[in-house]
Structure formats: structure tokens, C-alpha cells
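So the chains spell out like this:
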Amino acid sequence: MQRAHRTSQSGRRGLTLVELLLVVTIIGIVAGIGLGMFASFDPARRAARGLVANALRQTRNTAIANGAPARVVVDPATGAVRPEAFVVAGTWRFETEALEGARGVDGIPNGFPGAYLSDGFVGQALDLDLGPRGAHVAIDLSVDPIFQLTRGVRLGFAVRPESLGDADVVDVGGVVRAKVRRDGSVEFSAVTLRIDDLGRPVKGETIRVRTPPAVLEPARWTRVELRYDLRRLVALVEGVPVAERAETRELWTITSALKVGGGRQRFEGRVDDLVLSVVTRGEAVVLPKSAVFETVDPIEVRFDASGGLDPVVHARPVEIPILFDDGERATVRVRTLGTVES
């Protein structure tokens, strides 16, 4: 009786074959679900999407903050994503005869016999009419490496002619020039970079864009601007584009100081609120080794000053496909309004 009782108790403590198979099946299902969840949580995959999306979002935010276009260049050959954006490199308000500029880059008057400031666009202004022919202000841009125009430039200033005639107004290092014409137009020019037959960078063609006549009038302040972003050379008057040409070449390297005035013909007028912006490159980010861009052509994503996709370049949302070494794919999308989805 005792042996039978022990056997019965032992049977109840153990597992039948059916129960054992059921437990093994449940464990297998749970393990399978766990492995599937773990496989979907791939840190490299998340990192790849995150790197691209973050670069796009930061560049868009920079465009909004600066009120200027910005772009991201995706290079499939290297797996790199590089942001580029306009930043203000220098401003000169001409409020005192010290000619202070932002970033400690000040101007030096040359050829003026005495005072050279008068009532301006805002506060004081540089009055080139107070000096003889050749009088100018020189600003040494070599003191700061930010002053490179090769990948784009924005040059804006307020100008008030006392009389109209052909005269140089601003010359940025022999690369970008602004000239007032006797018909009241403003002509902007820029020297491009060319690679010669030996692979050396040399001066290329000078490209020009000119506003319509009569945008300037004697004794009236007008704000003019040149913008170049390796896509279009645009002249603006009071913030409105009035002339442009397509262009993609980089610009030549600055070789001399920025000069206001000092041309062959004296500019009879005043200049104020001079602002120079340049394109700077952010640090490139590179995809993890387990991922590549699923395209052979470079992808350029351009944001306008509002943070949306530049409608001239992008007729529809932009998609950046990423391929992983296990064959899986992911896509980072930029919507028309500039929002980024990953």
C-alpha cells in the first residue's frame, strides 16, 4: 500500500509526454518571438536612418534660423552625408570712423582727406562722395578663414547715389564686384574657378547679372543684393529677384581685400549696412559599414529660407533609399514642407 501510494504521488509530481511536448512548443514559440523582436531592433539600422535624418533636420533648422538657403549632399560613393549652409561672415554698419565690423574684422579708410561718414540708411553711412577718386575703405578678409566664396556667396548693401554714373561700389577680394551704372541699374559680377589641362585651379570666366534700369534714383536709399549658390546667380532689389542666370561653377579664391569705393570712376554716393554671407560645410557623417545608399548618383536636398524644399529644385518630396547588408531596405523621406520622416 505504501509503495503504491508513493508511486501515485511520484506520477503527479512528474510530466507526461504530452505535457512535456506542450512546454517545449511554448518555449519555442516564445523564443521565436523574442528573436524576431531582437532582430528588428538592429542598432546599426537605427543608426543609419538616424544619421541621415538628423543631418537633414539640422540643415533645415539652420536654413530657418539664418533665413537663407541650405542643402545636404548625399554621396553614395563614400556613404557620406554633408550639410552646407549660408552663414553671415561679416557685417559693416559704418557707425563710427573706426569702421568696426563683426568678428573683429574692421575697415581702414584710404584717401579720405577728413571725415567720411554722414547720415545713413540706419544711423551713419560711408559717404564716398566726401573723398576724391580712388578713396576707399579696405577690409582685410585674410584674417579669418571663413571668408571663402568658392561654394556660394550673398552680398547685400544699401546704396544711395547722389548722381548716376558708372562706378565700382564694392569689390570682394577681386572675386565678386558690384557696380552702379549710369542708367540706374546695378551690375554684379563673379569670377569662376576653372581646372586647366594639367589639373590646376585657375581663374575662369567672369559671369554677370544686371538689374533692370532705374532701380536706383539719386538721393534715395535702395537695398541691393547678389546671391549665388552653385545653381543660380541672382540680383535682388529690396529683397525681390529682378535678374538671374543659371550657373554651377565654383568661384575663384579671394586674393585681395574687400574694398568699398576706389574704382576708376568715383562713386558719388553713400553705402551702408554691408553684409557678406558665405557657404560653410558642416562635418560629414558616414553610414555604418552594414549600410549603403541604394543609388549611384549623388542626391542633393535643398531647403529654402522657410525650411521647405526648394520648389525650383524639387517638384516632389525627396526619398533617400538605404540598403543593408542583410538585404533589408529603409527610406528617409523629406516632405515638401521640409519635414523629415525616417
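Cut-off values and rules
Residues numbered from 1 in each chain as written. Predicted model: local features only at pLDDT ≥ 70, side-chain atom pairs only at ≥ 80, totals over all residues. Heavy atoms only, no water. Helix = DSSP H or I, 4+ residues; strand = E, 2+ residues; numbered from the N terminus. Buried < 20%, exposed > 50% of the residue type's maximum accessible area, 1.4 Å probe, protein only. Contact = heavy atoms within 4.5 Å. Pairing = 2+ DSSP bridges. Axes fitted to C-alpha atoms, helices over the stretch in contact; angles between N-to-C directions. Salt bridge = Lys/Arg side-chain N within 4 Å of Asp/Glu carboxyl O. pLDDT = per-residue confidence, 0-100.

Enquirer: I'm lost on the side chain of Ser277 in this one. Help?
Expert: Looking at the secondary structure, you find Ser277 in strand E16 (residues 269–281). Note on Ser277: relative accessible area 10%, which makes it buried. If sequence neighbours within four positions are ignored, Ser277 has contacts with Phe86, Val87, Val88, Ala89, Gly152, Val153 and Arg154.

Enquirer: How should the sheet that holds strand E6 (residues 136–139) be read in this particular structure?
Expert: Across a sheet, paired strands are connected by hydrogen bonds in the backbone, their directions being either parallel or antiparallel. Judged by pairing direction, the sheet is antiparallel, and its seven strands sit side by side in the order E3-E6-E15-E8-E9-E10-E11 without closing on themselves. Both edges of this open sheet fall to strand E3 (107–110) and strand E11 (201–210), since each of them pairs with a single strand only. With strand direction ignored, the average angle separating the axes of adjacent strands in the sheet is 20°.

Enquirer: Would you mind showing me how to read the pattern of salt bridges here?
Expert: A side chain with one charge may pair with a side chain of the opposite charge, provided their charged atoms come close. Summed over the entire model, instances satisfying the criterion amount to 35 salt bridges. For the salt bridge of Arg210 with Asp183, the shortest nitrogen-to-oxygen distance reads 3.3 Å. One end of the pair, Arg210, is in strand E11; the other, Asp183, is in the loop between strand E9 (176–180) and strand E10 (186–195), with 27 residues separating them in the sequence. Residue classification places Asp183 among the partly exposed residues on the basis of a relative accessible area of 32%. Sharing partners across several salt bridges, the network here consists of Arg71, Glu84, Arg151, Asp229, Arg231, Glu250, Arg281, Glu300, Arg302 and Asp310.

Enquirer: Explain the sheet that holds strand E20 (residues 318–324) here, please?
Expert: Sheet architecture is open: four strands sit in the order E18-E20-E21-E22, paired in antiparallel fashion. Edge positions in the sheet fall to strand E18 (291–293) and strand E22 (340–341), since each has one partner strand and no second. Bridging between strand E21 (residues 329–334) and E22 involves two bridges; their strand directions are antiparallel. When the bridges of E22 are listed, Arg333 appears paired with Glu341.

Enquirer: Could you clarify how one ought to interpret the confidence of the model for the protein chain in this entry?
Expert: Caution is warranted with low-pLDDT regions, since their predicted coordinates should not be read in detail. This prediction gives the protein chain a mean pLDDT of 89; 88% of its residues lie at or above 70. Put simply, helix H1 (residues 2–13) is where the protein chain has its lowest mean pLDDT, 51, and E9 is where it has its highest, 98. Across residues 33–41, confidence stays below pLDDT 50; counting only partners more than four residues off in sequence or on other chains, it has one contact.

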